[in-house]
Amino acid sequence: MSTETQPRVPETSQPEQPESHLRPEEVSRRKFLFKLSIAVNGIVGAIFAVPILGYLLGPAMKKEKDAEFWVGLGPIGQFPEGETRLVNFRDPSTTPWDGQTADIPAWVRRISGNNFQVFAINCAHLGCPVRWFAQSKLFMCPCHGGAYYQDGTRASGPPERGLFEYSYKIDSGNLIISVGDLPTIARPGTKQVADCPGAAKPAIDSSLVQIGETSRKGEVS
Amino acid sequence: MADLKKGAIDVYNWLEFRLGLVKPALEAGAHPIPKSSASWWYVFGSAATILLGLQIATGVLLALVYSSSASEAWNSLEFLNHNIALGWFLRAVHGWGSDFMIAIVLIHLMQVFLFGAYKFPRELTWMIGVFLLLLTLGMAFTGQVLRFDQDSYWGLGIGASILSRVPLIGGPAVNLMLGGPIIGGATLSRFFTLHVFVIPGILLGLVGLHVWMVLRLGINEWPMPGRIVRKATYEREYHEMTAKSGIPFVPDGAWKDGLFAAAIILAVIACALFLGPFGPTGQPDPTIIETAPKPDFAFLWIYAVLAFLPPEIETPIMFIVPVVVIGGMLLLPLVFGEGEKHWSRRPVAVLMVAVIAVTLGTFTRLGMYTPWSPIMNAWTADALPAKFLENRTPLELQGAVVFQNKQCRNCHSIGGMGGLRGPALDNVAAHMTYDQIVRQVVQGGGNMPAYGNALNADETAGLVDFLATLRTDGQPPATDAARRLLHTSELKAPAGQAGASIPARAAVSRP
């Protein structure tokens, strides 16, 4: 391509020295106004940051207790004594677009009478779904091989603690559990398990105590 | 024809007069580079950029159909795979492009490290490169979440479990990551935002800075042993070299980048065509618990490492090691900004690359076949070879049934079948006495649960009787030296091979 057809690129016309004909006080006023415009924008930005941060951090600011709901798992008759069974419940905090993800499984162990243990499905190591093996009376995790005894205490593998448990109550012959955040080390289920793995198991009427403690929440699905 | 050509030139001139972009771009492209740098070793950076372009193009096309709703994402991927013409192919290119991009970025990092390119004055280029690597991995993880299937759902659970271990803020951090109390619609929406808007935006901006600095500071020259980098003299030496013997990047160096880019894109297309898209695997339905979640290839090594860390030190290692590694990578050019560039004069650097590569490779390999996981259906699926049942007593055969029924096979292999979590038991009686087997079964220990509550006395007796028959031909049974001594001194006669186990067998029958 020949260069002669190319239009001449205009020389960048140097504006005359902008400040040469200005009085010093005018210069300082413009500098001040420019700094003022930066400051004003800084303030506006700070004001705007408050709602943005509030929106972003909303899920993290929510109180743990506000996420807890009571969910019914059905009549206790469907849980034979001495057995551990898988149940599913619909998480009460769900939105319509959660789809299947709000169907949460849990392991229900009926020790005897009204004495239950309800375990979260999530391994205490990294949250994978543990499976119950009735023959060897063990929960096993498919991810890294964590194993738990039938009472949820740690048997072997990488978990540093036993299975997470939901607190429960029995109302008119129905098993009702308190569910909240995804059980993790930081939010280890709604039932605080005794530290000592060998600690005495709760007496049969201990669930009545739990009703007294927790019934103020009141939301029963 | 001539008119047409003149017309085109006029249009070009009209645009260029106003834009003024082509001339500086051509000048930048033709900048001189050291002759030695026009090498096949220098093509990986441009290849990574090309792959980023491929990912953006295919990502935009996939977003035309993908639904980022937790209730519909999986269905929309199945729809892409089966109902949209060539939807499967675009998914495959995007998936394989991701793996190729990680691989090329890692090779680029390794080459830059071995060639000492991070030294003065290219320290910041390296540091931004470290962030580019992290962002690339961030794209891979968030992309894996968008493929909203079983692995993705439980992968989020693993991510949340790791995050929950952060001291003090673990709980709120998990809620922030999930967007709510559980893994659900809000979780997928925020990973979509990260994968499609936030991370690509930062990635593009930093790639721009990275390339700008390569242009501004010049590409690293081929290192020579004994040619020392000194801050005082380096830039003068570099400019003398490029002025004296340099060649223009375009076209003398760039043709290799161009050919390699084409080869890489072809390789991605070939993988996509012949190997197909990644999943989706099962639906993201947490009630389907018959699943063994696994992360994508790039994260398998982390998955493997997490299987081996002892519980007491796992959390500290999870958070301290990444800080040390990333911090070390960022500080590297500031601490070692001068000196030798050539690998033959930097044995520690070469050793580090070798050790890191072998370590990552080993853990990735382990992550592929997960020897630490029980095989959940081994107890029903794996047969017991006949040679382990021949010439056994009825009690021992009962024990073999107990062995199968109590899921021992899930962790212990026998005849080459079964889990690898615990040791293989083909030859267990040769190195454990009857008593030791009883104790191990009833009380557990090592990494084995105690089976005392899961076995009654008869089952224990049968099981241990069976296990005590498991010896490879020619191997003597394990004996208890102390017991033999006792036995010998009482009877004043040397004990036979079976003699040692007789008292043990009597002892076990007490419940």
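Residues numbered from 1 in each chain as written. Chains lettered and ligands numbered in written order. Predicted model: local features only at pLDDT ≥ 70, side-chain atom pairs only at ≥ 80, totals over all residues. Heavy atoms only, no water.

How would you sum up the overall build of chain A? Please name residues and give values.
Along chain A, the regular secondary structure elements total two helices and 11 strands. From first element to last, N terminus to C terminus, chain A shows the α and β order α-β-β-β-β-β-β-β-β-β-β-β-α. When each of the 221 residues of chain A is scored for burial, the buried share is 43%. When the accessible surface of chain A is totalled, it reaches about 11900 Å², and 59% of it is carbon and sulfur. (Helix = DSSP H or I, 4+ residues; strand = E, 2+ residues; numbered from the N terminus. Buried < 20%, exposed > 50% of the residue type's maximum accessible area, 1.4 Å probe, protein only. Areas by Shrake-Rupley, 256 points an atom, 1.4 Å probe, with all protein chains shown as cover.)

Describe the interface of chain A and chain B, and please don't skip the residues or the numbers.
A common way to state how big an interface is: give the accessible area lost once the parts meet. Between chain A and chain B, the residue contacts involve 64 residues of the former and 66 residues of the latter. Between chain A and chain B the total buried area reaches about 5300 Å² when both faces are included, carbon and sulfur atoms providing 63% of it. Its salt-bridge partner being Arg165(B), residue Glu160(A) comes within 3.3 Å of it at the nearest N-O pair. Inspection of the region where chain A meets chain B yields 29 residue pairs in polar contact (both at pLDDT 80 or more). If you list the elements that add at least two residues to the side of chain A that touches chain B, you get α1 (24-61), β2 (84-90), β3 (103-112), β5 (131-133), β6 (138-140), β7 (147-149) and β8 (154-156) of chain A. (Contact = heavy atoms within 4.5 Å. Buried area = accessible area lost by both parts, 1.4 Å probe. Salt bridge = Lys/Arg side-chain N within 4 Å of Asp/Glu carboxyl O. Polar contact = N/O pair within 3.5 Å; in protein donor to acceptor, adjacent residues only side chain to side chain.)

Give me the lowdown on the pattern of salt bridges, citing residues and values where you can.
In this structure the tally under the stated criterion is 15 salt bridges over all chains. For Arg90(A), the salt bridge is made with Asp103(A), and the minimal N-O distance between the two is 3.1 Å. Of this pair, Arg90(A) sits in strand β2 while Asp103(A) sits in strand β3, placing them 13 residues apart in sequence. In this structure Asp103(A) comes out as partly exposed when scored by relative accessible area, which is 24%. A single network of salt bridges, built from pairs that share partners, joins Glu160(A), Arg165(B) and Glu314(B).

Before we move on, could you go through the confidence of the model for chain B and cite the residues and values that matter?
Residues and elements named next belong to chain B. Confidence in the prediction of chain B, expressed as mean pLDDT, is 92, and 95% of residues score 70 or more. Ignoring residues within four places in sequence, the model shows residues 495-511, a span with pLDDT below 50, making 16 contacts including any to other chains. Interface confidence for the predicted complex, expressed as ipTM, amounts to 0.87; the pTM equals 0.87. (pLDDT = per-residue confidence, 0-100.)

Can you lay out unusual backbone geometry for me, pointing to particular residues and giving the numbers?
All names here are of chain B. Cis geometry is adopted by the peptide bond preceding Pro121, which originates at Phe120 and carries an omega value of 0°. Put simply, Gly279 and Pro280 share a cis peptide bond, and its omega is 5°. With respect to the element layout, Pro280 can be found in the loop between α11 (249-275) and α12 (300-308). The phi torsion at Leu168 lies on the positive side, around 70°, for a residue other than glycine. Checked against the element boundaries, Leu168 lands in the loop between α7 (150-163) and α8 (170-178).

Explain the packing of α12(B) against helix α14 (residues 347-369) of chain B residue by residue, including any values.
All names here are of chain B. At a minimum axis separation of 7 Å, α12 and α14 run at an interaxial angle of 80°. In terms of orientation, α12 lies roughly perpendicular with respect to α14. Of the residues in α14, those touching α12 at Leu300, Trp301, Ala304, Val305 and Phe308 are Leu360, Phe363, Thr364, Leu366, Gly367 and Met368. In the contact of α12 with α14, the residues fall into nine nonpolar, two polar and no charged. (Axes fitted to C-alpha atoms, helices over the stretch in contact; angles between N-to-C directions. Parallel < 35°, antiparallel > 145°, perpendicular 65-115°, else oblique. Nonpolar A, V, L, I, M, F, W, Y, C, P; charged D, E, K, R; others polar.)

I'd like a description of the packing of aromatic side chains, backed by residues and values.
Each aromatic ring pair is described using two quantities: the centre-to-centre distance and the angle formed by the ring planes. Enumeration over the complete set of coordinates arrives at 31 aromatic pairs over all chains. A ring pair is formed by Phe133(A) and Trp379(B), whose centres lie 6.4 Å apart and whose planes are at 80°; its orientation type is edge-to-face. In this pair, Phe133(A) is assigned in strand β5 and Trp379(B) in helix α15 (residues 378-381), connecting two distinct chains. Accessibility expressed as a relative area gives 19% for Trp379(B), which makes it buried. Measuring from ring centre to ring centre gives 5.8 Å for Phe113(B) and Tyr118(B), while their planes differ by 20°; the resulting arrangement is stacked. Residue placement shows Arg122(B) over the ring face of Tyr238(B); its charged tip is 5.2 Å from the ring centre. (Phe/Tyr/Trp six-rings, centres within 6.5 Å; stacked < 30°, edge-to-face > 60°. Lys NZ or Arg CZ within 6 Å of the ring centre and 35° of its normal.)

Pulling in residues and values, what's your account of the nonpolar core?
Core analysis: the biggest nonpolar cluster contains 66 residues, and Leu73(A), Phe89(A), Val118(A), Tyr166(A), Leu175(A) and Ile177(A) have the highest contact counts within it. Ranked by the residues each element gives to this core, the list is headed by α7(B), at five residues. When sequence neighbours within four positions are dropped, the list of residues in contact with Phe89(A) reads Val71(A), Leu73(A), Ala102(A), Asp103(A), Ile104(A), Ala106(A), Tyr166(A), Ile177(A) and Val179(A). Ranked by size, the runner-up nonpolar core spans 46 residues in total, among them Ala48(B), Leu51(B), Met127(B) and Leu132(B). (Core = buried A, V, L, I, M, F, W, Y, C linked by side-chain atoms within 4.5 Å.)

Could you give an account of the sheet that holds strand β11 (residues 174-179) of chain A, with specific residues and numbers?
All names here are of chain A. Spatial ordering of the open sheet is given by β1-β11-β10, a layout of three strands whose pairing is antiparallel. Both edges of this open sheet fall to β1 (69-75) and β10 (168-171), since each of them pairs with a single strand only. Geometrically, the sheet is characterised by an average inter-axis angle of 30° between neighbouring strands, direction not taken into account. (Pairing = 2+ DSSP bridges.)

Lay out the state of the cysteines with the relevant residues and their values.
Residues and elements named next belong to chain A. As enumerated under the stated definition, the model contains one disulfide over all chains in all. The side chain of Cys128 participates in a disulfide bridge whose partner is Cys143; the two sulfur atoms lie 1.9 Å from each other. Judged by the sign of its S-S torsion, about -75°, the bond between Cys128 and Cys143 is left-handed. Highlighted residues: Cys128 in the loop between β4 (115-120) and β5 and Cys143 in the loop between β6 and β7, separated in sequence by 15 residues. The class for Cys128 is buried, based on a relative accessible area of 1%. By relative accessible area, which is 1% here, Cys143 ends up buried. Unpaired in terms of disulfides, Cys123 finds its nearest cysteine sulfur in Cys141, a separation of 3.8 Å. On the basis of relative accessible area, Cys123 is assigned to the buried category, the value being 2%. (Disulfide = S-S within 2.5 Å.)

Report on a nonpolar patch on the surface, specifying residues and quantitative values.
All names here are of chain A. Taken together, the side chains of Phe48, Ile52, Leu53, Tyr55, Leu56, Leu57 and Met61 make up a nonpolar region of the molecular surface, amounting to roughly 770 Å² of accessible area. Among the secondary structure elements, Tyr55 is positioned in helix α1. For Tyr55, a relative accessible area of 71% translates into the label exposed. (Patch = residues over 30% accessible without salt bridge, like charges linked within 9 Å, V, L, I, M, F, W, Y side chains within 5 Å.)

How would you summarise the environment of Gly185(B) if you had to cite specific residues and measurements?
All names here are of chain B. You can see Gly185 is positioned in helix α9 (residues 185-217). For Gly185, a relative accessible area of 0% puts it in the buried group. Between the C-alpha atom of Gly185 and that of Val250, which follows or precedes it by 65 residues, the distance is 49 Å.

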